[in-house]
Amino acid sequence: MKQKIINIEQSEYWNEKSGPKWVKNEDALNERLSILTNELFSRAKIKASDKVLDIGCGGGNTTFRVSKLLIDGGYVVGADISHTLLNHAKSKFSNIEGMKFVHCDAQNYSFDQNYFDKVISRFGVMFFKDPSEAFKNILGSMRTNGSLNFVCWTNLMENDFITEGMDIITKYTQKVLPEVTKDPGPFAFSDREYVKEVLKSAGFKNINIDKVYTSISTKDSVEKDAELLMGIGPRARILSEVNLSNEKMSMIKSEIIQLCEKRKMGKEISYKACLNYITATK
Ligand SMILES: C[S@@+](CC[C@H](N)C(=O)[O-])C[C@H]1O[C@@H](n2cnc3c(N)ncnc32)[C@H](O)[C@@H]1O
């Protein structure tokens, strides 16, 4: 059944602007997010027979990882608002038993009711216009005692991976990092008390939020890493708005490469990261 998309701005953003970037940088991002993905999976404790919903599944890597844990009766649905990302997911993971992808706005989509044992998300639930309504909708899809497990960013300033190089970009563009608000966006859930309120108002119980300091690391070259830093998040958004000359872009890149060099220890470049792991039950 086709359903109305409520989060139209996010749909446009994830289809047209950010979706193609996530597709392009997918391997690089999956490598960097591997520590926190392992942590999410260890917390979610997915069993072989579980029915699992992966919200904002993007390119489907976490959905596919769930599918590998399932045997008889287990089932996983990857749900996402972006055709761009879902088409990519489907092109990589087709005909996998016990796994399907659904294009939808998770805020209002009619998921099967009282069905899922586990709902998981890696950075896919901070983009709802009405988070309380969205989580109410998600709760309806869960079985009694089913669990929700997701990971999201804490505040911007504790995440070097997102802020590194901003001073340089500001020097060339005179633009600064946008203020973090509770509007849909990667940092909308950085305030733990607010997340608790949202989940409580949606009807969740046993809400627990763990703030975890960790790192985001890569074995990529400093050149590749600098390109990624300039290609994602608020830095990329600013650079796309100002339209600098190629010469200035190269200057920014070489200054950012120097920052990446400074972070290199042995074979790895590492960034400080801070995440919230949220668990709650129906
Ligand atoms: C930061 S990306 C994370 C993607 C994926 N979970 C991963 O870790 O690779 C956020 C994802 O949430 C999806 N998304 C945003 N708003 C959504 C909504 N209302 N319903 C379903 N998916 C949504 C986006 O399309 C995007 O794929």
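Note: the structure precedes this text.
Residues numbered from 1 in each chain as written. Predicted model: local features only at pLDDT ≥ 70, side-chain atom pairs only at ≥ 80, totals over all residues. Heavy atoms only, no water.

### Structural notes on the overall build of the protein
The condition is simple: Numbering of helices and strands runs from the N terminus; a helix is a DSSP stretch of H or I covering at least four residues, while a strand is a stretch of E covering at least two. Values of the radius of gyration come from C-alpha atoms, whereas the globule rule sets the reference at 2.2 Å times the count of residues to the power 0.38. Throughout, a contact is declared for two residues whenever any of their heavy atoms are within 4.5 Å. Only the protein chains shown count as covering a residue, and every accessible area follows the Shrake-Rupley method with a 1.4 Å probe. The charged-residue count follows a simple rule in which Lys and Arg add positive charge and Asp and Glu add negative charge, with His and chain termini not counted at all. Charged groups are reduced to one reference atom each: NZ for lysine, CZ for arginine, CG for aspartic acid, CD for glutamic acid.
Of regular secondary structure, the protein possesses 12 helices and eight strands. In terms of C-alpha radius of gyration, the protein reaches 19 Å, essentially the compact-globule figure of 19 Å for 282 residues. Taking the principal axes of the C-alpha coordinates as reference, the protein spans close to 55 × 35 × 35 Å. The contacts of the protein with a sequence gap of at least 6 include a subset with a gap of at least 24, amounting to 79%. Taken as a whole, the protein presents about 13,600 Å² of accessible surface, with 49% of it coming from carbon and sulfur. Here the protein holds 40 positive side-chain charges and 36 negative ones, and the gap between their average locations is 3 Å.

### What to know about the site of the ligand
The condition that has to hold: Nearness is defined per residue: one heavy atom within 4 Å of the molecule or strand is enough. Any pair of N or O atoms that falls within 3.5 Å is considered a polar contact. Within protein, one atom must be able to donate a hydrogen and the other to accept it, and sequence-neighbouring residues count only if both atoms are side-chain atoms. Throughout this entry, Asp, Glu, Lys and Arg are counted as charged residues, while Ala, Val, Leu, Ile, Met, Phe, Trp, Tyr, Cys and Pro are counted as nonpolar. The remaining residues, Gly among them, count as polar.
As a matter of local geometry, the ligand sits amid 18 residues, with G56, D80, D105, A106 and R122 nearest to it. The separation between a nitrogen atom of the ligand and a polar main-chain atom of A106 is 2.9 Å. A distance of 2.6 Å is found between an oxygen atom of the ligand and a side-chain nitrogen or oxygen belonging to R122. Across the shell around the ligand, the residue classes tally to 10 nonpolar, five polar and three charged.

### Digging into helix α1 (residues 8–24)
Threshold: The span expected for a helix works out to 1.5 Å for each residue beyond the first. To get the bend at a given residue, fit one axis to the seven residues ending there, fit another to the seven starting there, and take the angle between those axes. For every residue, the accessible area (1.4 Å probe, protein chains only) is compared with the maximum for its type, and the residue is labelled buried under 20%, exposed over 50%, or partly exposed between those bounds.
Its 17 residues give α1 an end-to-end C-alpha distance of 23 Å, which sits within 8% of 24 Å, the value for a rise of 1.5 Å per residue. Largest kink in α1: about 55°, centred on S18, with the proline P20 one to four residues after it. For α1, every residue scored as buried is listed here: Q10, S11, W14, N15, S18 and G19. Structurally, α1 contributes buried residues whose contacts are with α5 (83–92).

### Let's talk about the environment of N246
Among the structural elements, N246 can be located in helix α12 (residues 246–263). In the structure, N246 is positioned 160 residues away from L86 in sequence and 33 Å away in space, judged by C-alpha atoms.

### Notes on the side chain of D50
The residue D50 is located in the loop between α3 (34–44) and β1 (51–55) in this model. Take D50: its relative accessible area is 5%, and that puts it in the buried class. At a separation of 2.7 Å, a polar atom in the side chain of D50 contacts the side chain of K118. The contacts of D50, once residues within four sequence positions are left out, are K45, L70, G74, Y75, D117 and K118.

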